[in-house]
Amino acid sequence: MNNINRRDFVKMMGAAGAATTGAILLPFEAYAGANGHVVVVGGGTGGATCANYLTRWAPNAKVTLIEKDSKYSTCFFSNEVIMGMATMDSITYGYDGLKKRGVNVVHDTVTGIDTGGKKVITGSGSISYDILVLSPGITFDHSTVDGSSDAVAEQMPHAWKAGPQTSLLAKQIAGMRQGGLLIIAPPENPFRCPPGPYERAALALAHFKEHNPTAQVVILDAKEKHSKQGAFREGWTRVYGGEATAEGNFEGPNLKWIKGSNGGKVVEVDGATNTVITEDGEEHKGDVVNYIPKQVAGAICKDAGLVNATGWCDVDLDFKSKVCDIVFVIGDASVASPMPKSGHSASSQAKNVAATIAAQMAGEEAPPWTGSNTCYSFISEKYGISVVAIYAVKDGKRVKVKGAGGVAFKGKSLRHHAKEAKYARGWYKGITSDMFG
Amino acid sequence: MPKTKQIAATVVAVSLIGSLAVASGVQAAGLSLGALVASQCNTCHGTDGEGAQSVPRLAGLDADEIFESMKAFASGEDTASIMDRVAKGYSDEQLHAVANYYSEQ
Ligand SMILES: Cc1cc2nc3c(=O)[nH]c(=O)nc-3n(C[C@H](O)[C@H](O)[C@H](O)COP(=O)(O)OP(=O)(O)OC[C@H]3O[C@@H](n4cnc5c(N)ncnc54)[C@H](O)[C@@H]3O)c2cc1C
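Residues numbered from 1 in each chain as written. Chains lettered and ligands numbered in written order. Predicted model: local features only at pLDDT ≥ 70, side-chain atom pairs only at ≥ 80, totals over all residues. Heavy atoms only, no water.

When helices and strands are counted, chain B shows 6 helices and 0 strands. Its helices and strands in sequence order give chain B the pattern α-α-α-α-α-α, from N to C terminus. For chain B, with 105 residues in total, the buried portion stands at 47%. Taking the contacts inside chain B whose residues are at least 6 apart along the sequence as the reference set, 60% of them involve residues at least 24 apart. For chain B, the exposed area adds up to about 5,000 Å²; of that, 55% sits on carbon and sulfur atoms. (Helix = DSSP H or I, 4+ residues; strand = E, 2+ residues; numbered from the N terminus. Buried < 20%, exposed > 50% of the residue type's maximum accessible area, 1.4 Å probe, protein only. Contact = heavy atoms within 4.5 Å. Areas by Shrake-Rupley, 256 points an atom, 1.4 Å probe, with all protein chains shown as cover.)

Rendered as structure tokens:
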């Protein structure tokens, strides 16, 4: 792939570019006329939101959204689907809303990016762009666990991309024998939705309480600690019983969480026997195994040469790729620290990038970058918890605003947690309306 | 995609004429500070603050009321399940801007 940075780009533009745009204008602005063509790759949380806000803020731009699937199922609330509390239909969306807003939605797979020629290569040809935004989500990295592969997910569903995997895991959970064992094996950091596996365990307990009261849930974690750990433990204890153990695990009547160094870290998987092997050599056979592989940026990022040594895309404060600063990368694929890989983060980044693009097209300064994240999780259908952070750029760095955000727990009333559960549903409505119009 | 290519080519040609957009003062609709801050609230409150199921509507509320609400959430004077943690993250300038923005929706 042909990667260029801004300096090379300036060279390529040569005398003609310099003469027409004037010395003070950067090439990015030069190509981004008020009615330029913005191509967004990936119609998920980041991409759909970005396209939607571009139609609002850059009304003269032509916006093309390239998404391989004709429908998108949100990962958010897919744990409810897995545990039989919501339907697949209720988390699945089409692109008519965006089309009505004037977005040119193309269902195709991007197989390459020619950053020099400013076009993306698709299954059926190529599409030229003035500005490119990538929000392709994640790809699984099977290199660190023996036996791990995309095929294994047909036996041991990860359900970490919502769709057929969600339905498969839901079917396995519903059909699990009485008193059976569900193993959930989350990967090391960083990964999509850090609280997701622990919400999934809690909702599994809620489901089993009703349908399979002697079932057991074991979380074999690659990590030493996890997201919202204090609030999850408090919630698990209050709703399902159990407590932290002296070795630093968590143990309840139907739930165990085993930390990495206590034999939680999975190093080998065998789909044929539904078995995972941990670092200490122990074999764990489950009735249902939800093995969640390690993750890296969506494959197209690597193919385009945009990833760092760990497989993710480094970006600057505007979320322009550090490899090619005329390409924006948002969502899970980007290294957005301190923002986590969440839908809310992707949405926040998408709007800021839409603002940057709209402002540059209009020859204006964008308002100062402002970011936010909230991850709501359910302990039960009536017990919600959340983590909040507001972000700003300070002294050339993206930082959390001090004194804001955090997790509300430690003895908060059940009424508080009932409200969080109620508002989590509102959040879902909000974020999806921002995506699909 | 011959059609797309053609459009893109035209765009490049037009934009190469130079900083026409700047000179003609093309405005990006809604690119105020308030609109960008509001976009961060919309994730919960719905696009344009129209309300999202259980999360209240902000569009059309009085600007002073929104601003005072935010200050009361931040100080703890008003209890909240989440807005206390949100409100503390914004400056008065941002809060005035977002309050004005929603009051005009
Ligand atoms: C179980 C679970 C629960 C979650 N719960 C929450 C939650 O409560 N709150 C929260 O904030 N986040 C949650 N998340 C995380 C959230 O889903 C992701 O962080 C978010 O979707 C990331 O957005 P994205 O745009 O980066 O990727 P995605 O939403 O995955 O979108 C990527 C899109 O790009 C498309 N694509 C990829 N490559 C190509 C290509 N080459 N050509 C064409 N199209 C392509 C894909 O088909 C996909 O539609 C959860 C995740 C999981 C797994």
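Residues and elements named next belong to chain A. Along its sequence, chain A is organised into domain 1 (6–24 + 31–68 + 108–137 + 298–436) and domain 2 (142–293). Taking the mean C-alpha position of each, domain 1 and domain 2 sit 30 Å from one another. If you look at the interface, domain 1 gives 23 residues, while domain 2 gives 19 residues. Roughly 1,600 Å² of surface becomes buried between domain 1 and domain 2 when both sides are summed, with 61% attributable to carbon and sulfur atoms. If you look at where domain 1 meets domain 2, you find 1 salt bridge. One salt bridge in this structure joins Arg192 and Asp332, with 2.5 Å as the shortest N-O distance. Run the count over domain 1 and domain 2 and you get 10 residue pairs in polar contact (both at pLDDT 80 or more). Sorting the residues of the side of domain 1 that touches domain 2 by element identifies strand E24 (370–380), strand E25 (383–394) and helix H11 (414–436) as the ones contributing at least two each. Of the residues forming the side of domain 1 that touches domain 2, the biggest block, 6 residues, is contributed by E24. Considering only residue class, the side of domain 1 that touches domain 2 consists of 12 nonpolar, 7 polar and 4 charged. (Domains from an automatic or database assignment. Buried area = accessible area lost by both parts, 1.4 Å probe. Salt bridge = Lys/Arg side-chain N within 4 Å of Asp/Glu carboxyl O. Polar contact = N/O pair within 3.5 Å; in protein donor to acceptor, adjacent residues only side chain to side chain. Nonpolar A, V, L, I, M, F, W, Y, C, P; charged D, E, K, R; others polar.)

Residues and elements named next belong to chain A. As paired strands, strand E7 (residues 119–122) and strand E8 (residues 125–128) are joined by 4 bridges and run antiparallel to one another. The partner of Val120 across the bridge, within E8, is Ile127. What sits between the antiparallel neighbours E7 and E8 is a turn of 2 residues. (Pairing = 2+ DSSP bridges.)

Our focus in this paragraph is the packing of helix H4 (residues 63–75) of chain B against helix H6 (residues 92–103) of chain B. All names here are of chain B. One way to put it is that H4 packs onto H6 with a least axis distance of 8 Å and a crossing angle of 140°. In this view, H4 runs oblique relative to H6, as classed from their interaxial angle. Where H4 crosses over H6, the two elements pack in a sense that is right-handed. Contact with H4, carried on its side by Ala63, Ile66, Phe67, Met70 and Lys71, involves Asp92, Leu95, His96, Ala99, Asn100, Tyr102 and Ser103 of H6 and no other residues of that element. Along the lines of polarity and charge, the residues of the contact of H4 with H6 split into 7 nonpolar, 3 polar and 2 charged. (Axes fitted to C-alpha atoms, helices over the stretch in contact; angles between N-to-C directions. Parallel < 35°, antiparallel > 145°, perpendicular 65-115°, else oblique. Left-handed = near helix turned anticlockwise from the far one by under 90°.)

Further remarks concern the site of the ligand. Residue and element names in this part refer to chain A. Taken together, the neighbourhood of the ligand is formed by 35 residues, with Glu67, Tyr72, Ser135, Arg192 and Asp332 sitting nearest. Between an oxygen atom of the ligand and a side-chain N or O atom of Thr45, the distance comes to 2.9 Å. A distance of 2.9 Å separates an oxygen atom of the ligand from a polar backbone atom of Gly46. For the ligand, whose free accessible area comes to 1,000 Å², the fraction covered by protein is 94%. At the level of elements, helix H3 (45–57), strand E2 (62–67), helix H4 (78–82), helix H10 (343–361) and E24 are the ones that each hand at least two residues to the shell around the ligand. (Near = heavy atom within 4 Å.)

What follows is about unusual backbone geometry. All names here are of chain A. For the peptide bond that leads from Asn189 to Pro190, omega is -10°, which places it in the cis range. Residues Ser337 and Pro338 are joined by a peptide bond in cis, for which omega reads 10°. Of note, Pro338 is situated in the loop between strand E23 (334–335) and H10. Of note, Lys228 is a non-glycine position whose phi angle comes to about 50°, a positive value.

A separate point is the sheet that holds strand E5 (residues 104–107) of chain A. Pairing between the strands of a sheet comes from backbone hydrogen bonds, and it takes one of two forms, parallel or antiparallel. Residues and elements named next belong to chain A. Ordered in space as E5-E2-E1-E9-E22, the 5 strands form an open sheet in which the pairing is parallel. The open sheet has two free edges, formed respectively by E5 and strand E22 (327–329), since each of these has just one partner strand. Each adjacent strand pair in this sheet contributes to an overall mean axis angle of 20°, direction not counted. Examined bridge by bridge, strand E1 (residues 37–41) and E2 share 5 bridges and lie parallel to one another. Its bridge partner being in E2, Val40 is matched across the sheet by Leu65. Its contacts with the sheet put H3 on E1, E2 and strand E9 (131–134), and the angle it makes with E2 is roughly 165°. Relative to E9, H10 is tilted by about 175°, and along the sheet it contacts E1, E9 and E22.

On to helix H3 (residues 33–45) of chain B. Along an α-helix, residues three or four apart share an orientation, since each turn contains 3.6 residues. Here H3(B) spans 18 Å end to end across 13 residues, near enough to the 18 Å set by a 1.5 Å rise per residue. Approximately 35° is the largest bend angle found in H3(B), and it occurs at B:Ser39. Where burial is concerned, most of H3(B) is hidden: 12 out of the 13 residues are buried. For H3(B), the set of buried residues is B:Gly34, B:Ala35, B:Leu36, B:Val37, B:Ala38, B:Ser39, B:Gln40, B:Cys41, B:Asn42, B:Thr43, B:Cys44 and B:His45. The elements touched by buried residues of H3(B) are H3, H10, E24 and H11 of chain A together with helix H5 (83–87) and H6 of chain B. Remark: B:Gly46 follows H3(B) within two positions and exhibits a positive phi of approximately 90°. (Expected span 1.5 Å × (residues − 1). Bend = angle between axes of the 7 residues up to and from the residue.)

Take the environment of B:Leu58 next. Residues and elements named next belong to chain B. By the secondary structure assignment, Leu58 is in the loop between H3 and H4. Separated by 44 residues in the primary sequence, Leu58 and Tyr102 place their C-alpha atoms 6.1 Å from one another. Not counting chain neighbours up to four residues away, the residues in contact with Leu58 comprise His45, Gly49, Ile66 and Tyr102.

In this section: the packing of aromatic side chains. Residues and elements named next belong to chain A. A full pass over the atoms with the stated rule returns 14 aromatic pairs over all chains. An angle of 70° between the planes, with centres 5.1 Å apart, marks the rings of Tyr53 and Trp57 as edge-to-face. Of this pair, Tyr53 and Trp57 both sit in helix H3, separated by 4 residues, roughly a single helical turn. Side by side, Tyr53 and Trp57 carry an identical accessibility label, which is buried. Linked through ring pairs, Phe76, Phe77, Phe378, Trp427 and Tyr428 together constitute an aromatic cluster. Above the face of the Tyr53 ring, Arg56 is positioned so that its terminal group lies 5.9 Å from the ring centre. (Phe/Tyr/Trp six-rings, centres within 6.5 Å; stacked < 30°, edge-to-face > 60°. Lys NZ or Arg CZ within 6 Å of the ring centre and 35° of its normal.)

All names here are of chain A. Where like charges cluster on the molecular surface, the negative patch consists of Asp146, Glu268, Asp270, Glu279, Asp280, Glu282 and Glu283. Inspection of the secondary structure puts Asp270 in strand E16 (residues 266–270). Relative accessible area serves as the criterion here: at 34%, Asp270 is assigned to the partly exposed category. (Patch = residues over 30% accessible without salt bridge, like charges linked within 9 Å, V, L, I, M, F, W, Y side chains within 5 Å. Lys, Arg positive; Asp, Glu negative; His and termini not counted. Charge placed at Lys NZ, Arg CZ, Asp CG, Glu CD.)

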